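Below are the chains, spelled out letter by letter.
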Amino acid sequence: MTRINVHEAKTHLSKVLDRVEKGETVILCRRNLPIAEIRPVTKEAEKPYRRFGFLKGMVHVTDAFFEPMPDDFMEHFGGQDDEIPDRYRLASMAGERGKSGSAKSKGGVTRTGKRRVA
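Only a predicted model underlies this, so the values are computations on that prediction, with no experimental measurement involved.

## What to know about the pairing of strand β3 (residues 33-38)
- Inspection of the sheet shows strand β2 (residues 26-30) paired to β3 by 5 bridges, in the antiparallel sense. Its bridge partner lying in β3, Ile-27 is registered against Glu-37.
- Connecting β2 to the antiparallel partner β3 that follows it, the hairpin turn spans 2 residues, and Arg-31 within it adopts a positive phi of roughly 55°.

Below is the structure:
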C-alpha cells in the first residue's frame, strides 16, 4: 500500500492509475492524513457478458400463453372499486379538489400513496 498526497496524485494521476491497474492499493492523503483509498476493481464487480438470443430454440411459448385468463382466476388480482376502503382512495379517484386546485386525498394519504403529516 502506497500513501500519496492529493497534490501529488493530481499531478501524476496517470502514473498512479498504472500502479492501481497492476494491483497496488493507493491511499490518498490530505496533509498526510488518509482520506480515501484507490484499489483495483475485482473481476466479481464486472457484469458478465450476455449474448442476445442465447436461449433461442431452448424456450418454447405455447399458444395457451396468449389466451385470456379465466375470470375466477382474475378475481384474485385487482378487486373492484367498491372494495377499496375510502381511506385508501385518492382524491383524483373520488373527484375532489382542494382550494388550491390540487388533488387532495381522504384519510391523510397523498397522491403518491404516502401518509400526510399534519
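And the narrative resumes.
## Focus on the pattern of salt bridges
- Inspection of the entire model under this criterion finds 2 salt bridges.
- Arg-19 serves as the salt-bridge partner of Glu-24, at 3.1 Å between the closest nitrogen and oxygen.
- Given a relative accessible area of 24%, Glu-24 falls into the partly exposed group.
- The partly exposed category is assigned to Arg-19, whose relative accessible area is 34%.
- Between Glu-37 and Arg-39 there is a salt bridge, with the nearest N and O atoms lying 3.0 Å from each other.
- Given a relative accessible area of 43%, Glu-37 falls into the partly exposed group.
- Judged by relative accessible area, which is 58%, Arg-39 ranks as exposed.

## Here's the deal with the packing of aromatic side chains
- A full pass over the atoms with the stated rule returns 1 aromatic pair.
- Geometrically, the ring pair formed by Phe-65 and Phe-66 is edge-to-face, given 5.1 Å between the ring centres and 90° between the ring planes.
- Assessed through its relative accessible area of 60%, Phe-65 is described here as exposed.
- Accessibility expressed as a relative area gives 64% for Phe-66, which makes it exposed.

## As for the sheet that holds β2
- Pairing is mixed across the open sheet formed by 3 strands, whose spatial order is β1-β2-β3. Among the strands making up the open sheet, the edge pair consists of β1 (2-5) and β3. Recorded for the sheet is a direction-independent mean angle of 35° between the axes of neighbouring strands.
- Where β1 lies against β2, 4 bridges are found, and the strand directions are parallel. Its bridge partner being in β2, Ile-4 is matched across the sheet by Leu-28.
- With respect to the sheet, helix α2 (residues 13-21) is in contact with β1, β2 and β3, its orientation differing from that of β1 by roughly 160°.

Conventions and cut-offs
- Residues numbered from 1 in each chain as written.
- Predicted model: local features only at pLDDT ≥ 70, side-chain atom pairs only at ≥ 80, totals over all residues.
- Heavy atoms only, no water.
- Pairing = 2+ DSSP bridges.
- Helix = DSSP H or I, 4+ residues; strand = E, 2+ residues; numbered from the N terminus.
- Salt bridge = Lys/Arg side-chain N within 4 Å of Asp/Glu carboxyl O.
- Buried < 20%, exposed > 50% of the residue type's maximum accessible area, 1.4 Å probe, protein only.
- Phe/Tyr/Trp six-rings, centres within 6.5 Å; stacked < 30°, edge-to-face > 60°.
- Axes fitted to C-alpha atoms, helices over the stretch in contact; angles between N-to-C directions.
- Contact = heavy atoms within 4.5 Å.

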